[in-house]
Amino acid sequence: MRFLPVFLVLALLFVAGARDAFDKWVETTELPNLLADTSVEVVDRNGLLLRAYTVEGGLWRLGAGYGEVDPLYIDVLLAYEDKRFWDHQGVDLRALLRAAAQSLWHGRVVSGGSTLTMQVARLIEDSGTGSWAGKLRQIRVALALEQHMSKREILELYLTHAPFGGNLEGIRAATLSWFGKEPQRLTPAETGLLVALPQSPNARRPDRHTAAAADARERVLRRAEEAGVLDQESVAGALMTPVPRVRRAFPSVAMHLADRALAETPELQRHEVTLDRALQTSLEALAQDALRGLEARVSIAMVVADHTSGEILASVGSAGVIGADARQGFIDMTRAKRSPGSTLKPLVYGLSFDRGLAHPDTMITDRPTRFGRYAPQNFDGRFRGELRVREALAQSLNIPVVMLTDELGPANLMAAMRAAGMAPEVPGGTAGLAVALGGVGVSLEELVTLYAMIPQGGVSTPLLWKFGRNTSQRQRVMSRSAAWHLGDILSDIAPPAGAPRSGLAYKTGTSYGHRDTWAIGFDGRHVAGVWIGRPDGTPVPGAFGAEVAAPVLFDVFQRLKPTLDPLSAPPPETLIVNTAQLPEPLQKFRGRNAVFESAEDALEVAFPPEGARLANAVGGMTLKVKNAAYPLTVLANGAPVASGVRRSDVTVPTVGRGSATLTVIDARGQSDRITVWVD
């Protein structure tokens, strides 16, 4: 007995030493990398997933926080895998001893005995499961994990790394792929399958091994019922639910904008954009519908924004990226520089109102006019004579807007575009009068930015698609009254056939050669734009903005909201009077060179036009004159060829080949001449 105290002391020292050695063994454990790559995500304004990108090896591995998963899943998982998870320190000795005894008795592994922490250890370093060395390594890592991490953090590692079949890792990848939903709310049937899959993820893949998946799910559900996590009725209902037989595709919404976000800030793991997924999805479907019946190479783009905040709510770069080779769907046409056609005309008129050149009720003349060598024509080749400025804008006439641009100066028009937030590109670098008719390169996003300025009282509204990125300062582009007048005129334009007369303020445009068709519109809250054309810039014969793009614009607003928001009331300084009540200088437009211009009733050779190329006809050439005082005298290259003529149609003898100058003189001494080329 006298040696007993010594024995006890030695025993205690041995135990203490063993404990210290064990603690040091755990403390010196080299943990694997706990920060494994997860899929980069792009989410909408409400946090809904728009698009995710695979990690190295083509894996879908989406991070998941403890609070982002239905608590039922956690309860069923622990009931099936590790019912003492919250109590042990990484290893459940009772479970290990039971597993060891069963293995010795049966001569094979019957139950694993691994805790959830040990499973996490295996997942994060891909250690073996069948050997004792592998199991020992899992125990060591599990004990170390419990020392360095909380239970919730360990669970989050499992939620991120657990395999669910194929290239799916993590609970979010699983629920999106198998059920098309996030894991916040799960049914008992979904929960049972998700708990069962990681044990044998490929052997139980429901799309390939449906029966095995159903059997494994039933075992999980029965265990959950025994543990009191699920009641009998819930289990019975879950067992009657078919397991999914098809793996769903991951969300691929707003693919162009998602790629743009990734390219601009590749270091971010999560990109939060201003889009609304429901609206974006609806407009992507509309894009597909809008192209039905159009030629195979035609594409489409749409942008919708809240002009009060500048936030882009939807951005459709094409009708689709996958399988769209003919349409070149991979090109984001919301950002491509194209000719805007007539869509810049409201800016010209607004600036003209501000500079006192015109008022909406000012009379202006639409007639053949030359500006040096530039002789613009209306799209239909016709001229309307004298009409009000508001009518000239509503009818999108070319001559009046070029006359106003000539007064404003193309450089001032370009400066206003930049102030509105645009970045116009001019071929050759020097802007001319043709800018007013689309002779400049702008993008759909820029046009929507321009039109957002109008309902904002003439103040620029820079658009943003990523939260926190808008550092641009707002600038005044035109006065409040000028902007209001534009909205008033554009909202009175008749809608396209079949569309409701809702009061949407809009303008269409068609670029030279029918290469681009546009429709841009706004109400009191939102602004939207539509472009339709070929990405390669080749013509689309017969396509007009009013017929092709405008109906789509009205569909966009119908999908955006049930009723339009009203435009603002006119500001107090707005001059709303008829033509006769205007100040005399504003009653009729006269350019700065009006004193040098011919009177409107002056003699004019109306046909053939200046510079025309004519055939050398045997019967001679016919001239048509206007505002003549008879009789007339006609000269060809200075020599008289007809006299005493009392008709507006004058036939003169054929002149020699080459250039010919024809002069007409009337009884009042007025004259006009043209130069033509005779073949």
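Now for a quick tour of the structure. All values derive from a computational prediction rather than experimental measurement.

**Overview of the overall build of the protein**
Scanning the protein for helices and strands turns up 20 helices and 20 strands. When burial is assessed residue by residue, the protein has 51% of its 679 residues classed as buried. In the protein, 67% of the contacts between residues at least 6 apart in sequence involve partners at least 24 apart. Counting every atom, the protein has about 32,100 Å² of accessible surface; 53% of that belongs to carbon and sulfur.

**Remarks on the sheet that holds strand S16 (residues 632-636)**
Strands sit in the order S14-S20-S19-S16-S17 across an open sheet of 5 strands; the sheet is mixed. On the outer flanks of this sheet lie strand S14 (613-614) and strand S17 (639-645), each paired with one strand and no other. Direction of pairing for S14 relative to strand S20 (residues 671-678): parallel, over a ladder of 2 bridges. The partner of Arg-613 across the bridge, within S20, is Trp-677.

**Observations concerning the nonpolar core**
Nonpolar side chains in soluble globular proteins tend to end up buried together. With 107 residues, the main nonpolar core has Met-302, Leu-347 and Met-417 as its most contacted residues. Counting residues per element, this core draws most heavily on helix H19 (residues 545-560), at 9 residues. Beyond its immediate sequence surroundings of up to four residues, Met-302 is in contact with Leu-283, Leu-286, Ala-287, Ala-314, Ser-315, Val-316, Thr-334, Leu-444, Gly-529, Val-530, Val-552 and Val-556. Membership of the second largest hydrophobic core comes to 54 residues, among which are Ala-52, Leu-77, Ile-154 and Tyr-158.

**Digging into helix H15 (residues 398-408)**
Most of H15 sits inside the fold, with 10 of its 11 residues counted as buried. Of all the positions in H15, only Asn-398, Ile-399, Pro-400, Val-401, Val-402, Met-403, Leu-404, Thr-405, Glu-407 and Leu-408 are classed as buried. Lining the buried residues of H15 we find helix H13 (345-354), strand S8 (363-366), helix H14 (389-394) and helix H16 (410-419). Directly beyond the C-terminal end of H15, a positive phi value near 95 degrees is found at Gly-409.

Quick notes on the rules
- Residues numbered from 1 in each chain as written.
- Predicted model: local features only at pLDDT ≥ 70, side-chain atom pairs only at ≥ 80, totals over all residues.
- Heavy atoms only, no water.
- Helix = DSSP H or I, 4+ residues; strand = E, 2+ residues; numbered from the N terminus.
- Buried < 20%, exposed > 50% of the residue type's maximum accessible area, 1.4 Å probe, protein only.
- Contact = heavy atoms within 4.5 Å.
- Areas by Shrake-Rupley, 256 points an atom, 1.4 Å probe, with all protein chains shown as cover.
- Pairing = 2+ DSSP bridges.
- Core = buried A, V, L, I, M, F, W, Y, C linked by side-chain atoms within 4.5 Å.

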